[in-house]
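Spelled out, the chains give:
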Amino acid sequence: PTSPRPPVKTGGSIPSSYAFGFYNLSDLSAFSDAIVIAVVDREVLVEQQATMLYVTSWALRVEKVLKGPQLSQLLISQTGSPNQPGSDMSQDPLFLPGERYLLFLREYAPGRYSYFGPWGRYLIWNDKVFSMNHVIVGAGGYQAPAELNFAGLSLNTMVANITKLADSVQLIFTHGEARLPADVLRYPAGTMLTIDATLSSGEHGPARVTMAIDKAGIPGGMGVRLQPVEFIAYPRNRYESRLTITISADLPPGTYEIPVAYDFDGVRRGRRVVTLHVESR
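Now for a description of the structure that goes with this document. (Residues numbered from 1 in each chain as written. Predicted model: local features only at pLDDT ≥ 70, side-chain atom pairs only at ≥ 80, totals over all residues. Heavy atoms only, no water.)

1. Digging into the pattern of salt bridges
Condition: Salt bridge, as used here: a side-chain nitrogen of Lys or Arg that lies within 4 Å of a carboxyl oxygen of Asp or Glu. Strands here mean DSSP runs of E at least two residues long; helices mean DSSP runs of H or I at least four residues long; both are numbered from the N terminus. Throughout, exposure labels follow a simple rule: accessible area from a 1.4 Å probe, protein chains only, divided by the maximum for the residue type, with under 20% read as buried, over 50% as exposed, and the rest as partly exposed.
Counted according to the given criterion, the structure contains 13 salt bridges. Two residues, Glu 99 and Lys 9, come together in a salt bridge whose shortest N-O distance is 3.0 Å. A residue pair is termed long-range when its members are at least 10 positions apart, and Glu 99 in the loop between strand S4 (73–79) and strand S5 (100–109) and Lys 9 in strand S1 (residues 9–10) qualify at 90 residues. The exposure class of Lys 9 is buried, given its relative accessible area of 8%. Close ionic contact of Asp 196 with Arg 242 constitutes a salt bridge, the shortest N to O distance being 2.9 Å.

Here it is, written out as structure tokens:
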């Protein structure tokens, strides 16, 4: 590429609907099983799954791995067909061969990856990084949050930021099979639910980790338990504790916060909060 700004893409006609979103690079990196710089190599397969519903599989060549296993290639599927204009997602248009991307990936099956929609793909042009709202005509309705709004950030700077995050200690909450962010939840009274509290050790360890729930603001009608609360963590690993929340049937509707604190043997201390909106039964 020789022009200073990337060419624009037209979003498809299929409405995009996402049950999640990311607001900063720290969370996006923490939730990603792999982060790579990759080039779209070729179209592998187009399948028609229903009337005007197509899925295209692309082969990508991995240039650099910033987090996760040392991948050399990827097979990624997208909604739409290159031969059916408008069949792709409005906020997540089809790749083009030769495009170079920074991709934040989730492993949904052993060795199989997908990315987090427009939050998980960033076009690299002239070694600069652009979020998709600077690439899609009209942005397809997608507007990157302020901390993920990149309009020509140096790729070297982006790589350095991600590497620093991957090396740090991070705590995230996930809920359900889709492993979606679970910081904010909405449930009726009389419900019991479980949340995974996953701590990533980054470059730190071995060290003793202790976790605790601050119950000062938790009402009597809400039971909260975390297990395990103490373990030994080693570098480049993830450790899951199970947060169980029991909401009594007579708990008044309202918004409640459940803070979970961690101490990584003095290397880092921090906390993350589950915000729970309780509704009437």
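That shown, we press on.
2. A few points about the side chain of Asp 167
Note the cut-off: Any two residues whose heavy atoms approach within 4.5 Å are treated as being in contact.
Within the secondary structure layout, Asp 167 lies in the loop between helix H2 (155–166) and strand S11 (170–175). Excluding its chain neighbours within four sequence positions, the residues that come into contact with Asp 167 are Ser 201, Gly 202, Glu 203, His 204 and Arg 236.

3. Some words on unusual backbone geometry
Between Gly 205 and Pro 206 the backbone carries a cis peptide bond, its omega angle lying at 0°. The peptide bond linking Gln 227 to Pro 228 adopts the cis configuration, its omega dihedral lying at -10°. Along the chain, the position of Pro 228 falls in the loop between strand S16 (222–227) and strand S17 (230–233). At Asp 127, a residue that is not glycine, the phi angle is positive and equals roughly 60°. Mapped onto the elements of the fold, Asp 127 is located in the loop between strand S7 (121–125) and strand S8 (128–130). With relative accessibility at 45%, the residue Asp 127 sits in the partly exposed group. Despite not being glycine, Arg 236 shows a phi value in the positive range, around 60°. Summarising the element assignment, Arg 236 is placed in the loop between S17 and strand S18 (238–247). By relative accessible area, Arg 236 is classed as exposed at 52%.

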